[in-house]
Amino acid sequence: MSEMDSTRPSPVHPEDNALLEVFIYGGGKVGRGLARAIRDAGLRVTLRPARDGLPSERIEANFVILAVRDRDIAPCAEALRDRGLVGHRDVAVVHCAGALGPEALAAARGGRVSVAQMHPMISFASPSFAPFLERGQLHIDGDPTAVRAARSLGVCLGMTPRTFPGLDRVAYHAAAGLVANGAAALAAAGVDLLERAGIDRRTAAEMLGPLLRTVADNVEVLGVPDALTGPVRRGDAAGVARHLEALCRLAPHLVPFYVAAAATQLPLARVLGEAPADAFDAIQRVLDGIQQ
Ligand SMILES: NC(=O)c1ccc[n+]([C@@H]2O[C@H](COP(=O)([O-])OP(=O)(O)OC[C@H]3O[C@@H](n4cnc5c(N)ncnc54)[C@H](OP(=O)(O)O)[C@@H]3O)[C@@H](O)[C@H]2O)c1
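In this text the structure is predicted, and so the values were computed from the model without any measurement.

Thresholds applied
- Residues numbered from 1 in each chain as written.
- Predicted model: local features only at pLDDT ≥ 70, side-chain atom pairs only at ≥ 80, totals over all residues.
- Heavy atoms only, no water.
- Helix = DSSP H or I, 4+ residues; strand = E, 2+ residues; numbered from the N terminus.
- Buried < 20%, exposed > 50% of the residue type's maximum accessible area, 1.4 Å probe, protein only.
- Contact = heavy atoms within 4.5 Å.
- Lys, Arg positive; Asp, Glu negative; His and termini not counted.
- Charge placed at Lys NZ, Arg CZ, Asp CG, Glu CD.
- Near = heavy atom within 4 Å.
- Polar contact = N/O pair within 3.5 Å; in protein donor to acceptor, adjacent residues only side chain to side chain.
- Nonpolar A, V, L, I, M, F, W, Y, C, P; charged D, E, K, R; others polar.
- Salt bridge = Lys/Arg side-chain N within 4 Å of Asp/Glu carboxyl O.
- Pairing = 2+ DSSP bridges.
- Axes fitted to C-alpha atoms, helices over the stretch in contact; angles between N-to-C directions.
- Expected span 1.5 Å × (residues − 1).
- Parallel < 35°, antiparallel > 145°, perpendicular 65-115°, else oblique.
- Left-handed = near helix turned anticlockwise from the far one by under 90°.

*Asks:* I'm lost on the overall build of the chain in this one. Help?
*Replies:* Scanning the chain for helices and strands turns up ten helices and seven strands. With respect to the principal axes defined by its C-alpha atoms, the chain has extents near 70 × 40 × 35 Å. Looking at the chain as a whole, 41% of its 292 residues are labelled buried. When contacts within the chain are restricted to residue pairs at least 6 apart in sequence, long-range pairs at least 24 apart make up 64% of them. When the 31 basic and 32 acidic side-chain charges of the chain are each reduced to a single mean position, those positions are 4 Å apart.

Structure follows, in structure tokens:
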């Protein structure tokens, strides 16, 4: 594990970026999203889909990103070593998995090859739609040389590189999944409900996207619990009861979702304290009532 203990961007030498030649193995959602961003940042980048197999020639790049599925990372590192595709020049090899450390690349490490985890805390949902990386967070951990190169790349992409020694990677990845994948599932529930309320699915998604963006901005700028809005924060038990009545009528399968979300909001709303305690107790009774 790296000794680096910085949660802030490290100083980056401008010439580091100019010297980066990137090879990405894996043309899925992350591979293509990163390739687009790296190209847009003015760096040289080659993308090779994994379904084409590893190249037969040595890889002429000094920064290799393995953007393959988690289970393929270690075998891929072994294949890079066994076929002598890296190691003839100084190179950093990184993977993008959130739950795996640099040791997943141990087979390739050594000599002129340094390795690191480089996980963008960004949601890449489609190979044909590159998400906005600026102000995104990049968790980097591994050999000092690879970490330095990855931090340099991250800054070049407008991202904030961070290293957290001793991080519980699985918990870290679970938190990222809870928020990113949970939000997509919540949005699907919202689209479903808006459709039942009379709005077509495409329009519903177009309406919920900007709503989610404002939530994201509130979380980033205000933090939690301050990012919370809505009837639970306001202590509006009657409003919550009306929502549940509509859900029971139009979409009963979404009631448990709503109840779980409201129950999670209650302690936040109590901390914010914008209504008397008995207003929050009344919301709790509404939620308890629906569960019986
Ligand atoms: N998606 C995210 O939001 C996200 C965020 C942060 C980190 N990551 C990490 O980034 C890495 C890559 O994730 P990803 O989301 O880019 O995965 P992905 O879209 O599934 O692509 C990964 C690999 O799977 C292959 N693949 C895609 N569809 C396939 C199919 N139908 N049949 C066979 N192979 C197929 C691709 O092959 P080709 O190369 O041939 O196209 C690609 O090499 C993982 O380690 C993941 O944990 C993902």
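Having seen the model, we can carry on.
*Asks:* Hey, could you run me through the site of the ligand in this one?
*Replies:* Every one of the 19 residues lining the ligand counts as a neighbour, but Gly27, Val30, Ala50, Arg51 and Asp70 are closest to it. Take arginine 69: an N or O atom from its side chain is 2.8 Å from an oxygen atom of the ligand. Phenylalanine 124 is positioned with one of its backbone polar atoms (N or O) 2.9 Å from an oxygen atom of the ligand. Looking at the shell around the ligand, the elements that each hand over two or more residues are α2 (29-40) and β5 (113-120). Taken together, the residues of the shell around the ligand break down into ten nonpolar, five polar and four charged.

*Asks:* It is not clear to me how the pattern of salt bridges should be interpreted in this structure. Could you clarify?
*Replies:* Any two side chains of opposite charge can pair, so long as their charged atoms come close to each other. Evaluation of the coordinates by the stated rule reveals 13 salt bridges. Of the charged contacts in the structure, one is a salt bridge between glutamate 21 and arginine 89, with a shortest N-O distance of 3.1 Å. One end of the pair, glutamate 21, is in strand β1 (residues 21-25); the other, arginine 89, is in the loop between α3 (70-82) and β4 (91-95), and 68 residues separate them in sequence. With a closest N to O distance of 2.7 Å, aspartate 192 and arginine 196 form a salt bridge. You can see aspartate 192 and its partner arginine 196 sitting in helix α5 (residues 169-197), four residues apart, about one turn around the helix. Residue aspartate 192 is classed as buried on the basis of its relative accessible area of 17%. If you follow the salt bridges from partner to partner, you end up with Glu21, Glu60 and Arg89 in one network.

*Asks:* What is the right way to look at the sheet that holds strand β2 (residues 44-48) in this model?
*Replies:* Backbone hydrogen bonds hold the strands of a sheet together, and the pairing may be parallel or antiparallel. Taken in spatial order, the seven strands line up as β2-β1-β3-β4-β5-β6-β7 in an open sheet, and their pairing is mixed. On the outer flanks of this sheet lie β2 and β7 (160-162), each paired with one strand and no other. With direction set aside, neighbouring strand axes in the sheet form an average angle of 25 degrees. Note that β1 and strand β3 (residues 63-66) share four bridges and pair parallel. Residue pairing in the sheet places isoleucine 24 in a bridge with isoleucine 65 of β3. Strands in contact with α3 are β1, β3 and β4; relative to β3, the strand with the most contacts, it is inclined by about 140 degrees.

*Asks:* In this structure, what is going on with helix α6 (residues 201-222)? I would like to understand it.
*Replies:* The α-helix advances 3.6 residues per turn, and as a result positions three or four apart in sequence lie on the same side. Over its 22 residues, α6 extends 31 Å from the first C-alpha to the last, a length consistent with the 32 Å expected when each residue adds 1.5 Å. Capping the start of α6 is the job of one residue whose side-chain oxygen sits 3.2 Å from the backbone nitrogen of arginine 202: aspartate 200. In the segment just after α6, glycine 223 is the residue with positive phi, at about 80 degrees.

*Asks:* Whenever I open this one, the packing of helix α8 (residues 237-250) against helix α10 (residues 277-291) confuses me. Can you help?
*Replies:* A packed helix pair is summarised by two numbers, namely the angle formed by the two axes and the spacing between the axes. For the pair α8 and α10, the least separation of the axes is 9 Å and the interaxial angle reads 20 degrees. The orientation of α8 relative to α10 falls into the category roughly parallel. Considering only the axes of α8 and α10, their crossing is right-handed. Contact residues: Ala237, Val240, Ala241, Leu244 and Cys248 in α8; Ala279, Ala282, Ile283, Val286, Leu287 and Ile290 in α10. For the contact of α8 with α10, the per-class residue count stands at eleven nonpolar, no polar and no charged.

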